[in-house]
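A structural walkthrough
Chain residues, written in single-letter form:
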Amino acid sequence: MTDKELSVVDLDQVQARVDAYIGQFQEGYFEPMTLVVRLTEELGELAREINHHYGEKPKKKDEPEGDIALELGDLLFVITCLANRLDLNLASAFDAVMHKFETRDKDRWTRISPADRPDEP
């Protein structure tokens, strides 16, 4: 799939696509604990790239350039595997989390005034 063929997908589509991919293999999904360990591994890889790009630890001259977006994609894949393994709906989980932030934390941060907001497309 090329960049031009990519489209915005919803979380249900993400979960279905990962499930179709994993469903090709006899091994199926890893156990939840293994998936959490994989999630930790992937988070470490993201942290390393962030540190190289924005932190005080530059890469060695012989290290290949990493891709932060790809590392975030790896995290999304493993999170999706874990949600599917536990039969959880990510869209519902996301809606619940957003409701929590939009209610509990609605006045926690200083809001941007309407005059200071960038024009919306």
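One structure accompanies this document, and this report is about it.

Cut-off values and rules
- Residues numbered from 1 in each chain as written.
- Predicted model: local features only at pLDDT ≥ 70, side-chain atom pairs only at ≥ 80, totals over all residues.
- Heavy atoms only, no water.
- Phe/Tyr/Trp six-rings, centres within 6.5 Å; stacked < 30°, edge-to-face > 60°.
- Buried < 20%, exposed > 50% of the residue type's maximum accessible area, 1.4 Å probe, protein only.
- Helix = DSSP H or I, 4+ residues; strand = E, 2+ residues; numbered from the N terminus.
- Contact = heavy atoms within 4.5 Å.
- Salt bridge = Lys/Arg side-chain N within 4 Å of Asp/Glu carboxyl O.
- Core = buried A, V, L, I, M, F, W, Y, C linked by side-chain atoms within 4.5 Å.
- Polar contact = N/O pair within 3.5 Å; in protein donor to acceptor, adjacent residues only side chain to side chain.

On to the packing of aromatic side chains. One pass over the structure, following the stated rule, counts 2 aromatic pairs. Ring geometry for Y21 versus F25: centroids 5.2 Å apart, planes at 70°, classification edge-to-face. Accessibility expressed as a relative area gives 42% for Y21, which makes it partly exposed. When its relative accessible area of 39% is taken as the criterion, F25 is described as partly exposed. Clustering of aromatic rings is evident, with ring pairs tying together Y21, F25 and F77.

Along the chain, V18 turns up in helix α1 (residues 11–22). Judged by relative accessible area, which is 8%, V18 ranks as buried. For the pair V18 and T80, spaced 62 residues apart in sequence, the C-alpha to C-alpha distance is 7.1 Å. Look past the residues within four positions of V18 in its chain and what remains in contact with it is Y29, F77, T80, C81 and N84.

For the rest of this paragraph, the subject is the pattern of salt bridges. Inspection of the entire model under this criterion finds 7 salt bridges. E42 is the salt-bridge partner of R38, the closest N and O atoms lying 4.0 Å from each other. Here the residue R38 and the residue E42 both occupy positions in helix α2 (residues 32–54), the gap between them amounting to 4 residues, near one helical turn. On the basis of relative accessibility, which here comes to 23%, the residue R38 falls in the partly exposed class. We note a salt bridge from D105 to R108, for which the minimum N-O separation is 3.7 Å.

Residues V18, I22, Y29, L35, V78, C81 and L82 constitute the largest nonpolar core, which totals 7 residues. If you tally residues by element for this core, the top one is helix α3 (residues 68–85), at 3 residues.

Its location among the elements puts D105 in the segment after α4 (90–104). Judged by relative accessible area, D105 falls into the buried class, the value being 11%. Between the C-alpha atoms of D105 and V78, which are 27 residues apart in sequence, the distance is 28 Å. Within the local environment of D105, its side chain forms a polar contact with the side chain of R104, the two groups lying 3.0 Å apart.

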